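# Coordinate inspection notes
Letter by letter, the chains look like this.
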Amino acid sequence: MRRALIALLLPATMVLAVASIRAIPAAADARPTFRVATFNIHKGEGRRGPYDLERTIDAIHRLGVDLIGVQEVMRNDVGFGCDDQPALIAEGLRRRSGLPWNYVHAKAWITEKTECAKAGQGDGVATEGLAFFTRERIVDSSVVRLNEGRVGLAVRLARMPEVPVVVTHLAANRQNQADRVRELGILLPWARQFGPGILVGDLNAEAQATELEPLWTSYVDGWPASAASGTARGVANGATRPNGRSRIDYVLHVPRADLVLESVEVIDTETLGLGEVSDHNPVVATFRRVFPVASPHTP
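What comes next concerns the included structure. (Residues numbered from 1 in each chain as written. Predicted model: local features only at pLDDT ≥ 70, side-chain atom pairs only at ≥ 80, totals over all residues. Heavy atoms only, no water.)

## Observations regarding the overall build of the chain
Within the chain, the secondary structure is distributed over five helices and 13 strands. Counting across all 299 residues of the chain, residues that qualify as buried make up 52%. Put simply, 74% of the contacts in the chain that link residues at least 6 apart link residues at least 24 apart. When the accessible surface of the chain is summed, it comes to about 12,900 Å², and 52% of that surface belongs to carbon and sulfur atoms. (Helix = DSSP H or I, 4+ residues; strand = E, 2+ residues; numbered from the N terminus. Buried < 20%, exposed > 50% of the residue type's maximum accessible area, 1.4 Å probe, protein only. Contact = heavy atoms within 4.5 Å. Areas by Shrake-Rupley, 256 points an atom, 1.4 Å probe, with all protein chains shown as cover.)

## Focus: the pattern of salt bridges
Throughout the structure, instances matching the rule amount to 21 salt bridges. For the salt bridge of Asp 179 with Arg 182, the shortest nitrogen-to-oxygen distance reads 2.2 Å. With Asp 179 and Arg 182 both in helix H4 (residues 177-192) and three residues apart, the pair spans about one turn of that helix. The class of Arg 182 is partly exposed, set by a relative accessible area of 48%. Asp 279 is the salt-bridge partner of Arg 241, the closest N and O atoms lying 3.6 Å from each other. (Salt bridge = Lys/Arg side-chain N within 4 Å of Asp/Glu carboxyl O.)

## So, the sheet that holds strand E12 (residues 259-266)
On the basis of which strands lie adjacent, the open sheet formed by seven strands has the order E3-E4-E2-E1-E13-E12-E10 and mixed pairing. Both edges of this open sheet fall to strand E3 (102-110) and strand E10 (232-234), since each of them pairs with a single strand only. Ignoring strand direction, the axes of neighbouring strands in this sheet form an average angle of 25°. Pairing of strand E1 (residues 33-40) with strand E13 (residues 283-289) involves six bridges; the strand directions are antiparallel. Bridging across to E13, Arg 35 finds its partner in Thr 286. In the packing of helix H2 (residues 85-97) onto the sheet, contacts are made with strand E2 (67-75), E3 and strand E4 (127-134), and the angle to E2 comes to roughly 135°. (Pairing = 2+ DSSP bridges. Axes fitted to C-alpha atoms, helices over the stretch in contact; angles between N-to-C directions.)

## As for the environment of Ala 117
Along the polypeptide, Ala 117 turns up in helix H3 (residues 115-118). In this structure the C-alpha to C-alpha distance between Ala 117 and Val 78, which are 39 residues apart in sequence, comes to 9.6 Å. Apart from residues no more than four positions distant in its own chain, Ala 117 is found in contact with Gly 122 and Gly 124.

## Let's talk about the environment of Asp 268
Take Asp 268: it is sitting in the loop between E12 and E13. Its relative accessible area of 29% is what places Asp 268 among the partly exposed residues. Remark: the alpha-carbon pair of Asp 268 and His 280, spanning twelve residues in sequence, is separated by 8.7 Å. When sequence neighbours within four positions are dropped, the list of residues in contact with Asp 268 reads Val 235 and Asn 281. From its side chain, Asp 268 meets the backbone nitrogen of Glu 270 in a polar contact 2.9 Å long. (Polar contact = N/O pair within 3.5 Å; in protein donor to acceptor, adjacent residues only side chain to side chain.)

## Considerations on the pairing of strand E11 (residues 249-253)
Burial runs high along E11: five of the five residues are buried. The side-chain alternation of E11 yields two buried faces, one formed by Asp 249, Val 251 and His 253 and the other by Tyr 250 and Leu 252. Bridge count between strand E8 (residues 198-202) and E11: five bridges; the pairing is antiparallel. Counterpart to Asp 202 in the pairing with E11 is Asp 249. Pairing of strand E9 (residues 220-221) with E11, which is carried by two bridges, proceeds in the antiparallel orientation.

## What about the state of the cysteines?
Each disulfide is one covalent bond, formed between the sulfur atoms of two cysteines. Within the structure shown, the criterion is met by one disulfide. Each disulfide pairs two cysteine sulfurs, and for Cys 82 the partner residue is Cys 116, the sulfurs being separated by 2.0 Å. Taking the torsion about the S-S bond as the criterion, the Cys 82 to Cys 116 disulfide, at about -85°, is left-handed. Placement of Cys 82 in the loop between E2 and H2 and of Cys 116 in helix H3 is noted, with a sequence separation of 34 residues between them. Accessibility assignment for this pair places Cys 82 and Cys 116 in one class, buried. (Disulfide = S-S within 2.5 Å.)

## Examining the packing of helix H1 (residues 53-63) against H2
Close contact between H1 and H2 brings their axes to 9 Å; oriented N to C, the two are set at 55°. What the angle tells us is that H1 and H2 run oblique. The two elements H1 and H2 cross, and the hand of that crossing is right-handed. On the side of H1, the interface is formed by Leu 53, Glu 54, Ile 57, Asp 58, Ile 60 and His 61, while H2 contributes Gln 85, Leu 88, Ile 89, Gly 92, Leu 93, Arg 95, Arg 96 and Ser 97. (Parallel < 35°, antiparallel > 145°, perpendicular 65-115°, else oblique. Left-handed = near helix turned anticlockwise from the far one by under 90°.)

## Side note on the environment of Cys 82
Relative accessible area serves as the criterion here: at 9%, Cys 82 is assigned to the buried category. Cys 82 sits 35 residues away from Ala 117 along the chain, and the two C-alpha atoms are 8.5 Å apart.

## Some details on the sheet that holds E11
Strand order in the open sheet formed by six strands is E5-E6-E7-E8-E11-E9, and the pairing between neighbours is mixed. Sheet topology places strand E5 (138-147) and E9 at the edges, where each strand pairs with a single neighbour. Bridge analysis of strand E7 (residues 165-169) against E8 gives five bridges, and the strand direction is parallel. Note on E8: the bridge partner recorded for Val 167 is Val 200. Along the sheet face, H4 touches E5, strand E6 (150-157), E7 and E8 and points at about 150° away from the line of E5.

Shown next as structure tokens:
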């Protein structure tokens, strides 16, 4: 492994601007709900294999989301067909939906493996990273390195530019708790500068873990909040691993007057008729948008 600059598939890294809530002009997008998800795709492999990116794309398509943050996205890796997974997933979603899906990708793990490039089947070293896929227009993005192989990626969408959305994937395994502490110590101040928004990802720790305590001073954990209101769906105990024993994938949000959590669903991909698509279950949250009523005297 070696350190390298994070590359995005947007022209440049941009700082997100936060807009104040105001009456929505008549021409603005006033769709009432916003569905956002997180999914660790396990590099396009099922929990027990084999590699099948088309099945991963099918699963994402069937979630019916507006925006999804994805972890363990591969590029230029001979073990995964030298595929450019972000590009292939976006193209697969376009074919299935007939809609213009967009994406932004950030490299996390960066190796020195060049087998794909040497074979003329890739454009650089093998990497693993994060990506956002969306049916919306991405107006800007930003990335921060948290640790060797770990990053945070933020986007703003044209539909609701005042709500930043961040995806991350924290260090795995119980013995790496100190790494997660350091990663959150970088991620949270970085995300805070964009204003109150949504944070999704594989945090590799359960909600009661001490390293996640700084999250709960600002963020609401969607699953228990939805369970308390009777709107939690899918896997009964909220487990995000197919073995049913842990919940480590989250959709979190900072309370805002213009965005209200309606429901959260942890989806067992076997119920989609696809088998165990990954070693994680996707988590989907539906938010209701609240639009201020314009004054009749507003020019």
